[in-house]
Amino acid sequence: MSDEPQPQQPTQGWAPREPEAAAETGANPKRPKRTGWRRIIPTWRMVLGTFVIGVLLLAGLFFLGYSMVKIPAANAFATKQSNVYLYADGSQLARDGEVNRENVSLAQISKDAQHSVLAAEDRDFYSESAIDPKAMLRAGWNTATGKGKQSGSTITQQYVKNYYLAQEQTVTRKVKEFFISIKLDRTESKSQILEGYLNTSYFGRNAYGIQAAAQAYYGIDATDLDAAKGAYLAALLNAPSEYDVVAHPENKAAAEARWNYVLDGMVTKGWLSASDRAAMKFPMPKEATVSTGMSGQRGYIVDAIKDYLTENKILDKDQLAVGGYRITTTLQKSKQDAFVDAVNDQLMDKLDKKNRKVDTYVRAGGAAVDPKTGKVVAMYGGIDYVKQYTNNATRGDFQVGSTFKPFVFTSAVQNGSLTQDGRTITPNTIYDGTNKRPIVGWDGGTYAPENEDQGSYGNITVREATDKSVNSVYAQMAVDVGSDKVKQTAIDLGLPANTPDLTASPSIALGPSTASVLDMAEAYATLANHGKHGTYTMIDKITKDGTNPIELPQKKTSQAVSREAADTTTSVLQSVVEGGTATAAQAAGRPAAGKTGTAEEDTAAWFAGYTPELATVVSVMGQDPVTAAHKSLYGAMGLERINGGGAPTEIWAQFTKAALKGEPVTDFDLELQPGADVVQPPVTDVPSDPATGDENTGGTTGDTTGGQDTQGQTEGQTGDPATDGGTTDGTTGDTTTGGTTGDTTTGGDPTTDGGTTDGTTGDTTGGDTATGGTTGDTTGGDTGGTTGGGTTTGVGPQLTTRRQ
């Protein structure tokens, strides 16, 4: 064998193949590179890889969070700080912070109450997991898309937030809540979690936990709650303050809707029979009884301040619950005490609740505002917060009556409004004050409001009509101005835009709206401040933990109405005090302006008045202490009735005198509208009003001078000499008129609308030869109108009861 290296033969199958050979054996060719737009499209391998990596990453994060987040000890709520409320001078007004809670076991909570809460908050609680991702995503989406801030939390999550965590809305807190809820669901039973939730939830009235809530609202233990009462307490969880129908009667409809939702849910889940559900009536809660630390006026003030803080987004309910705030109010102790004394002296001490049932209905509310600063310096909420929970100064469910009338006149001056016959509306513009006179110029149908005690006043100036609170004049004025403009002026002066029954129609002048006493005080303070409006405030300063100041909203002042409009209104309201329905206000011993008012069926009597230094509103209200229904005040205090010129004005006078004691007496500095002192009688020859028929029909045209048509229009075909104020032959009338108008000296029987049968002595200004009749002269007779012309048949608002 040769020592030379032998050539190695390749192993079979090892030699590289030629392309042709590869093709012949069926091997895959090299994948061509992706070009163009295909390069940006991920392959399925990439998608799958990303998904797998994402799942692994999320799983890793979940287990990391699960291992890191521990179930903490309960939060420090049980030892939370009190909030301290101070008068303007720094003296203590009230202190809250005692947690009203009594923990009970689930066995001590009725099944009906348990099911009610589940129906309201989490109907699948026993079958679902600790978290509901679908609900969380839905809540997040609704919040992001502007459908309102919503909760996607289960009962377990809510319990974790209440018991273990703080209330702040942060991502960190939500993450902790997520993991603690999962862990808690593994370590505690559903019954334990539900028990904890029911003992930590807030139900309003400073009641934490369902046992405290059952006592606060119904005076019973949680074990005695039936389905109806349990459903109401469950409804409160959604909005504790708003759904308290005793504290906020105006929200009763919303509370009942939530109550029905809870009961319907119980039927759906089989926890309540449909027959039992159908027989249930809304269980009206009782008046609240609270700690004596909130007795007297303290509780009313603290509640009003809390509402003010939350409504103005200064502090929310959760922050207040944590406590530690020192709140200096604008209330002045001397004035606060003076208000209590005035109500007791002029009203409460005169009641005989043992012998007169109506006296048990009597309540009072009041508020006083410094016109120059907008600060609330005193507030009267009721006889005692422990005995009467509802704050009568802030509630918004009693009609304001004729205290609204000044806003109508202010709007007239502000807008330069004219009567139907083109005269500027001033304090001395003459209107027709006849009782039940149909309003002219409104296309909403026939509306003929009653005056108090059916009084008819004939031709009367605006000033006199305000003194006597003449409804027919002010309803007509509202049409002359435009009821929509009247509404806007009221809002500009200070009434909330959402005030119930603040509706643009002629009846707006009679005060069917239900603004609160405090709202009305704010509006009257604007008039006292020459038309400048600044939203009222109850807070001077707030500190947290004694040092950290809380930022308060900047005070904004605007010229709501012109000075001439406000001051001219003031001059008219001075007459009400000097010789109108509010002469009792003179006892204050200072220049004063104001207006009385009475609600429908005398369920409330008002006086809203002011001096240059102080605007104060007082209302005496009637309410059944058991059913909370509004009650008439006929016979209260042993009087035939309580009206605005009685107890409300007397309380106002005593309070104002005491509150301003020692301060210089100042007069109003008024700038009146041009021509305010000029008497403006109605025009006697005016064009036809569309609502009264055309004069070519043979009838006469009712006078349209600011609504001077006093008898309405009923005939519309031929002028009747006995009723239409015209003549049959016009024998002595001017040849261009063909008729006469009854004169006050000879014609003008009140029953015949100021006309005569032969026109022998009438004025020659009325009647057209084409009509055969005349227009009643407003100087002739007591009524000065006609019955000719057609009437509209629509039905307008009929607020025809007494409003003084």
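Residues numbered from 1 in each chain as written. Predicted model: local features only at pLDDT ≥ 70, side-chain atom pairs only at ≥ 80, totals over all residues. Heavy atoms only, no water.

1. Notes on the pattern of salt bridges
Note the following rule: Salt bridge, as applied in this entry: a Lys or Arg side-chain nitrogen positioned within 4 Å of an Asp or Glu carboxyl oxygen. Think of it in three bands: with a 1.4 Å probe and only protein chains considered, a residue is buried below 20% of the maximum accessible area for its type, exposed above 50%, and partly exposed in between. Put simply, DSSP H or I for four residues or longer makes a helix, DSSP E for two residues or longer makes a strand, and each gets a number counted from the N terminus.
Evaluated as defined, the whole model comprises 20 salt bridges. Note that Arg-356 and Asp-359 form a salt bridge whose closest N and O atoms lie 2.9 Å from each other. Overall, Arg-356 belongs to the partly exposed group, its relative accessible area being 24%. Residue Glu-450 pairs with Lys-436 through a salt bridge whose shortest N-O separation is 3.9 Å. Remark: Lys-436 occurs in the loop between strand 8 (430-432) and strand 9 (459-461) and Glu-450 occurs in the loop between strand 8 and strand 9; sequence separation between them is 14 residues. For Glu-450, a relative accessible area of 17% puts it in the buried group. By relative accessible area, which is 42% here, Lys-436 ends up partly exposed. In the salt-bridge network here, residues are joined through shared partners; they are Arg-563, Asp-567, Asp-669 and Glu-671.

2. With respect to the sheet that holds strand 1 (residues 83-86)
Spelled out, the test is: For two strands to pair, DSSP has to find at least two bridges joining them. In what follows, a contact means two residues having at least one pair of non-hydrogen atoms within 4.5 Å. An axis is simply a line fitted to the C-alpha atoms; with a helix, the fit covers only the stretch in contact. Between two such axes, the angle follows the N-to-C directions and lies from 0 to 180 degrees.
Pairing is mixed across the open sheet formed by five strands, whose spatial order is 2-1-5-11-12. Since the sheet does not close on itself, it has two edges, and those belong to strand 2 (92-96) and strand 12 (548-549), each with one partner. Sheet topology note: the strand 1/strand 5 (residues 325-329) ladder contains three bridges and is parallel. Within the sheet, the bridge partner assigned to Tyr-85 lies in strand 5 and is Ile-327. Against the sheet, helix 12 (residues 298-311) touches strand 1, strand 2, strand 5 and strand 11 (539-544), its axis set at about 75° to strand 2.

3. Remarks on the pairing of strand 15 (residues 604-610)
The buried fraction of strand 15 is high, at seven of seven residues. Of the two faces of strand 15, the one holding Ala-604, Trp-606, Ala-608 and Tyr-610 and the one holding Ala-605, Phe-607 and Gly-609 are both buried throughout. Relative to strand 15, strand 14 (residues 593-598) runs antiparallel, the two being bridged by six bridges. Directly across from Thr-596, in strand 15, lies its bridge partner Phe-607. Counting the residues between successive antiparallel strands, the hairpin from strand 14 to strand 15 contains five residues, one of them, Glu-601, with a positive phi of roughly 60°. Taken together, the seven bridges between strand 15 and strand 16 (residues 615-622) define a ladder with antiparallel strand orientation.

4. Here we look at the environment of Asp-185
By the secondary structure assignment, Asp-185 is in helix 6 (residues 171-187). When the C-alpha atoms of Asp-185 and Ser-129 are compared, they prove to be 7.6 Å apart, with 56 residues separating the residues in sequence.

5. Things to note about the nonpolar core
Let me state the cut-off plainly: Nine residue types can take part in a nonpolar core, namely buried Ala, Val, Leu, Ile, Met, Phe, Trp, Tyr and Cys, and a core is a set of them joined through side-chain atoms within 4.5 Å.
Formed by 125 residues in total, the largest nonpolar core has its most connected members in Leu-347, Phe-404, Phe-407 and Met-477. Counting residues per element, this core draws most heavily on helix 19 (residues 517-528), at nine residues. For Phe-404, the residues in contact, after removing those within four places along its chain, are Val-486, Ala-490, Leu-495, Leu-502, Ile-508, Ala-509, Gly-511 and Ser-513. Grouped together as the second largest cluster of nonpolar side chains are 49 residues, Tyr-164, Ile-180, Leu-233 and Phe-282 included.

6. Overview of unusual backbone geometry
In this model, Asp-453 sits at a positive phi of 55°, which is unusual for a non-glycine residue. Along the polypeptide, Asp-453 turns up in the loop between strand 8 and strand 9. For Asp-602, which is not glycine, the phi torsion reads 55° and is therefore positive. Tracing the chain through its elements places Asp-602 in the loop between strand 14 and strand 15.

7. With respect to the confidence of the model for the protein
Worth spelling out the cut-off: A score from 0 to 100, pLDDT tells how confident the predictor is in each residue.
When pLDDT is averaged across the protein, the result is 79; 71% of the residues are at 70 or more. Low pLDDT (under 50) marks residues 10-19, which in the prediction has two contacts with non-local residues, meaning those over four places away or in another chain. A low-confidence stretch, residues 685-803 (pLDDT under 50), is modelled with 312 contacts involving residues beyond four sequence positions or located in other chains.

8. A closer look at the sheet that holds strand 6 (residues 362-369)
Reading across the sheet, the five strands line up as 7-6-16-15-14 and stay open at both edges, with antiparallel pairing between neighbours. The open sheet terminates on both sides in strands that have one partner only, identified here as strand 7 (376-380) and strand 14. Each strand axis lies, on average, 5° off the axis of its neighbour in the sheet, ignoring direction. Inspection of the sheet shows strand 6 paired to strand 7 by four bridges, in the antiparallel sense. Each residue of the ladder has a partner; that of Ala-368, found in strand 7, is Ala-378. Lying on the sheet, helix 19 is in contact with strand 6, strand 7, strand 14, strand 15 and strand 16; it crosses strand 16 at an angle near 150°.

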